Amino acid sequence: MTIDTLVFTGGFREPVFQSQSVFRTLMDCMARPGTIGRIAPAVLPPPPLGAMAGAVALMLCDQDTPVWLTPGLAGSALPAWLAFHAGAPVTDDRQTARFAFIEKAALLPSLSLFAQGTQDYPDRSTTIVVEIEAVEGGRPFRLTGPGIRDEAIVAPRGLPDLFAQMWSENRRAFPCGVDLVLTAGEEIACLPRTTVVHPLEA
Amino acid sequence: MNTANLATYNFAYLDEQTKRMIRRAILKAIAIPGYQVPFASREMPMPYGWGTGGVQVTAAILGPDDVLKVIDQGADDTTNAVSIRAFFQKVASVAVTTRTGEATIIQTRHRIPEEKLKPGQTLVYQVPIPEPLRFLEPRETETRKMHALEEYGLMHVKLYEDIARNGHIATTYAYPVKVEGRYVMDPSPTPKFDNPKMHRSEALQLFGAGREKRIYAVPPHTEVVSLDFEDHPFEIQSFENPCALCGAENVYLDEVVLDDKGGRMFVCSDTDHCEQRCASGHRGSLAYDGEIVR
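Only a predicted model underlies this, so the values are computations on that prediction, with no experimental measurement involved.

Reading the values: rules and limits
- Residue numbers here run from 1 along each chain, matching the order of that chain's written sequence.
- A letter from A marks each chain and a number from 1 marks each ligand, given out in the order of writing.
- In keeping with the model being predicted, local features are shown solely for residues with a pLDDT of at least 70 and side-chain atom pairs are shown and tallied solely at 80 or more, while totals for entire chains, interfaces and linings include all residues.
- Side-chain descriptors were evaluated using all non-hydrogen atoms of the structure, hydrogens and water having been removed beforehand.
- To qualify as a helix, a DSSP run of H or I must reach at least 4 residues; to qualify as a strand, a run of E must reach at least 2; elements of each kind are numbered from the N terminus.
- A radius of gyration in this sense is built from C-alpha atoms; the matching globule rule multiplies 2.2 Å by the number of residues raised to 0.38.
- Whether a residue is buried, partly exposed or exposed follows from its accessible area with a 1.4 Å probe, protein chains only, as a fraction of its type maximum: under 20%, in between, or over 50%, in that order.
- We call two residues contacting when some pair of their heavy atoms lies within 4.5 Å.
- Per-residue and other accessible areas were derived by the Shrake-Rupley procedure at a 1.4 Å probe size, with only the shown protein chains allowed to occlude residues.
- By this definition, two strands are paired if DSSP reports at least two bridges between them.
- All axes here are fitted lines through C-alpha atoms, helices being fitted over the stretch that makes contact, and every angle between N-to-C directions spans 0 to 180 degrees.
- Only buried Ala, Val, Leu, Ile, Met, Phe, Trp, Tyr and Cys residues count toward a nonpolar core, and they belong to the same one when joined by side-chain atoms within 4.5 Å.
- By salt bridge we mean one thing: a side-chain nitrogen of Lys or Arg within 4 Å of a carboxyl oxygen of Asp or Glu.
- We define buried area as the total accessible area lost by two parts upon association, computed with a 1.4 Å probe and summed across both.

Draft legend 1. How the structure looks around the overall build of chain A. Assigned secondary structure in chain A consists of six helices and 10 strands. Whereas a compact globule of 202 residues would reach a radius of gyration of roughly 17 Å, chain A reaches 16 Å, a difference of no more than 12%. Expressed as a percentage of its 202 residues, the buried residues of chain A come to 57%. For chain A, long-range pairs separated by at least 24 residues make up 67% of all intrachain contacts whose partners lie at least 6 apart in sequence. Accessible surface, chain A: about 8200 Å² in total, of which carbon and sulfur atoms supply 54%.

Listed below in structure tokens is the structure:
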């Protein structure tokens, strides 16, 4: 396929209903960290971005939300795809980005480089969508915090080795900090900034 | 689902760009429990004060498979509840119910249903004044700073003044709560009777204030603690007699005036709860057992 075809195809066929069902799945996962949501993404973004992350992008991004992309994504057809389907501008500045997308196996930058929000407006922070290899089968973490009854065990595969440390630094800045959306295939999981991540021995 | 008749409106009334904006605000609100996220509230085809905030939140999360219940002060059959339910039937062709247990989304004005909410249900509150500190400090810049600095002394002074004047905390509705040990939040003007139901609820709770342009949230299983003092602990209202229709105890009751000679009865504020109890044979002191002629 040519670059042009990649750019102009692959959006939601039924934007109203498909974006609603992706949103509800995402909202449930954000409200209940540790829950794994499963939904057919119904979009086809240009590689290397995966379908689920693409669905999240079209569901949440528009002209009001500057998007930060990794070098790998910025060099692909993705900026034009986002511009065509969502009207979302791409920014180099992590501090102004409302959303950031990290494709599978790309380096997850330090979370503190992204917009953290302020003490007055902690909501003005970046939501980072990270593609991982799988939501299961990796190093196990125990999660506690709002949205979790007692504890939840998750084992995402494909996060950096030092993820627990990165996350505890993010957690310490509460109410500021970033929120994470993890996607893999047709699956999705969320880590809002309130969640406490305890590493478990594998 | 029949979408052919919806051509004149987008599904659920709001345009997609507005829904995205509200959805982003909801996700931030869930990530920062109790913090009021500003959002660009839209004009709705109903006046401010009639639940435009709750309606916008419901419209942004609603899908064709949802079952919607709308209550106004606990009742399914009052003007506000009936018109909002009819609104969503018209603009979203959504299934509606009065049964708490069957609903996936419950939009509420000033009550939490008596029946325990389940995982997967979402409770959407209509909020008039989202800022719990507003009547103590009118300036938004100041209240925002107070939230940022976690400076809630003024709220305790207000509750203390209640005790100094009345001997007990006289706040009975919109009783301030602290969410997850951080933000003080207005639970909307629900009676304080309902505050304990917010604590570690199974359901997701979303709050929408249309005129004030704020959305906030309490995720499931989140600490919601009513403010109080060691020597004046938080207490909920109690009622001398059970519901006059269904005999329910430990529920919130409304007073109904019966005549001009001082006659009155107390009945469940939650009409669905009352009807279901009556249907399963529970009887209160004034229950009618004759045949109902419709």
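Draft legend 2. Spotlight on the sheet that holds strand E6 (residues 141-144) of chain A. All names here are of chain A. In space, the three strands of this open sheet follow the order E7-E6-E10, with antiparallel pairing throughout. Either end of the sheet is taken by a strand with one partner, and the two such strands are strand E7 (152-154) and strand E10 (196-199). Strand after strand, the sheet turns through a mean of 30 degrees between neighbouring axes, direction not considered. With four bridges joining them, E6 and E10 adopt antiparallel strand pairing. The partner of Leu143 across the bridge, within E10, is Val197.

Draft legend 3. View of the nonpolar core. Leu26(A), Met27(A), Phe101(A), Ile26(B), Ile30(B), Phe88(B) and Leu206(B) are the most contacted members of the largest nonpolar core, which totals 85 residues. Counting residues in each nonpolar core, the second largest holds 27 residues, with Ala97(A), Ile132(A), Ala152(A) and Trp167(A) among its members.

Draft legend 4. Seen up close, the pattern of salt bridges. Following the criterion strictly, the structure yields 27 salt bridges over all chains and no others. For Glu187(A), the salt bridge is made with Arg38(A), and the minimal N-O distance between the two is 2.6 Å. Note that Glu187(A) is positioned in strand E9 (residues 187-191) and Arg38(A) in strand E1 (residues 37-38), a separation of 149 residues in sequence. Given the relative accessible area of 18%, Glu187(A) is considered buried. Ionic pairing is found between Lys69(B) and Asp76(B), a salt bridge with its closest N-O pair at 3.1 Å. The exposure class assigned to Lys69(B) is buried, which follows from its relative accessible area of 0%.

Draft legend 5. The interface of chain B and chain A, seen in detail. Taken together, the contact between chain B and chain A spans 46 residues of the former and 41 residues of the latter. Surface buried jointly by chain B and chain A totals about 3400 Å² across both partners, of which 59% is contributed by carbon and sulfur atoms. Contact with chain A buries area across many residues of chain B, yet Arg24(B), Leu27(B) and Lys28(B) alone supply 20% of it, more than any other trio. Among the salt bridges present, the one from Asp179(A) reaches Lys28(B), with a minimum N-O distance of 3.4 Å.

Function-wise, these values are silent; they only describe arrangement.
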